[in-house]
Amino acid sequence: MRIRLTLLATGLVAAVSALLLWLGWMLVGEVAASLPTLAPQTPVLVDGVSVPAGEIAAALGHSARTEVLQVGTVAFALVVVAAAMVSWVLTGHVLRPVHEVTATARHLSAESLDERIDLEGPRDEVAELADTFDAMLDRLQAAFDAQRRFVANASHELRTPLAVLRTEIDVTLADPDADVAELRRMAGVLRDATRRAEGLVEGLLLLARTEAAEHRAVGGDEPVDLDLAAHGALDAVRAEVEARRLRIEVSPGPAGEAAVVVGDAALLERVVGNLVENAVRHNVEGGWLAVTARRLADDDVPRVELVVASSGPELDPERVPDLFEPFRRGADRVGSGSGLGLSIVRAVVRSHGGTVDAEPVPGGGLSVRVVLPAAPESQASGSLNNGATVPT
């Protein structure tokens, strides 16, 4: 590019210089031709040569044009050479940031994503290119770091059930007196560890699917009533709710306004199920859980809001956003699980064009708020909001 720009600039200067030389040559001839005429027999010396007065204009014009061509040719060559040198230096200076971008990109690898151009100088198009490249590197580094953390956490989570499996098998095989009861006990432990590993793998696959869906349109277009989905999720955990003596309340939305959204029905129902399961499993004995699903009528763009709040241990507000990262359970939260529930919720909500946030409940607990685009009136009109209080 530097050579092409230099040749282009030099060619333009040469063309302009040649045009100016031609104009000078023409003007000198015109000036000589416009000299006042003398008597035909008047002797005139031109360069020491006697010239008839009638030919003085032609002689002066020829002499002047010859002088212009001689001087102009030298000046033309000097100007072209100077233009070539100046163009080469200037284009090298202008393209230096581009070379820095190229050099940085050439040396980049997964282990050196912390390199940046940090171009200083005027904020022109090249500086904008360098800043854009640095911003791209920031996003790549964040993605690589998140991927490394995810792989490390997934490996750690899978290592636990595998270690349990191997330990139980080794201990049982090392016992020569192991009877049927011991074998049955080992089989029960293996079943639980296998079930945990299976649930973790399913969660990882679902998380990968939903995170991939963030970068493309969601395939499903089924209407889903979030209020009905909440009742279904509560029915699925009713036994655990009764065992922990939790007080459950489902608040109905405005009459005639169903909390219906459109998308992948399985994923949207998984959002509600994950939020309800987390609220139950990370609750305290004798605590409470409140679910609200309603259509927001005060927005220019119709939306549906789902809020799942519950009691529980007190949480640090600064650590609440971390709960949406994979395998983040929170040191202050009780209960078991793989730590993928809220990560899946965030990925599914984003893939459907919605938002999700959480905040600690005063006195202990967590409130998660999901906002999704509402279904068109034609699809929402057939759904009924059957919110009610669920007895414990």
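Residues numbered from 1 in each chain as written. Predicted model: local features only at pLDDT ≥ 70, side-chain atom pairs only at ≥ 80, totals over all residues. Heavy atoms only, no water.

### Re helix H8 (residues 341–351)
Across the eleven residues of H8, ten count as buried, placing the element largely inside the fold. Those residues of H8 lying buried are Gly 341, Leu 342, Ser 343, Ile 344, Val 345, Arg 346, Ala 347, Val 348, Val 349 and Ser 351. Phi for Gly 353, located one or two positions after H8, is positive at around 75°. (Buried < 20%, exposed > 50% of the residue type's maximum accessible area, 1.4 Å probe, protein only. Helix = DSSP H or I, 4+ residues; strand = E, 2+ residues; numbered from the N terminus.)

### Details of the sheet that holds strand S6 (residues 288–296)
In spatial order, the strands read S4-S6-S7-S9-S8; together these five strands make up an open sheet with mixed pairing. This sheet does not close on itself; its edge strands, each paired only once, are strand S4 (247–251) and strand S8 (355–360). When the angles between neighbouring strand axes are averaged without regard to direction, this sheet yields 10°. In the sheet, S6 pairs with strand S7 (residues 303–310) via eight bridges, with the strands oriented antiparallel. Counterpart to Ala 290 in the pairing with S7 is Ala 309. Sheet strands touched by helix H5 (residues 226–236): S4, S6, S7 and strand S9 (366–373). Its angle to S4, the strand with the most contacts, is close to 165°. (Pairing = 2+ DSSP bridges. Axes fitted to C-alpha atoms, helices over the stretch in contact; angles between N-to-C directions. Contact = heavy atoms within 4.5 Å.)

### A short note on the environment of Asp 118
With respect to the helices and strands, the residue Asp 118 is situated in the loop between helix H2 (56–107) and helix H3 (125–174). Separated by twelve residues in sequence, Asp 118 and Ala 130 have C-alpha atoms that sit 7.5 Å apart.

### A short note on the confidence of the model for the protein
Put simply, the protein has an average pLDDT of 77, and 75% of its residues get 70 or more. Taken together, the stretch residues 331–335 has pLDDT below 50 and engages in 17 contacts with residues farther than four places along the chain or on a different chain. Of the regions scoring below 50 in pLDDT, residues 383–392 engages in 34 contacts with residues more than four places distant in sequence or in other chains. (pLDDT = per-residue confidence, 0-100.)

### As for the nonpolar core
With 48 residues, the main nonpolar core has Leu 226, Val 272, Leu 275, Leu 306 and Val 370 as its most contacted residues. Only helix H4 (180–213), H5, S4, helix H7 (265–281), S6, S7, H8 and S9 provide two or more residues apiece to this core. Among the elements that make up this core, the one with the highest residue count is H7 (nine residues). Filtering out sequence-adjacent residues up to four positions away, Val 370 remains in contact with Leu 275, Val 304, Glu 305, Leu 306, Val 345, Val 349, Thr 355 and Val 356. Core analysis: the next-biggest nonpolar cluster, separate from the first, contains five residues, Val 101, Ile 117, Phe 133 and Leu 137 among them. (Core = buried A, V, L, I, M, F, W, Y, C linked by side-chain atoms within 4.5 Å.)

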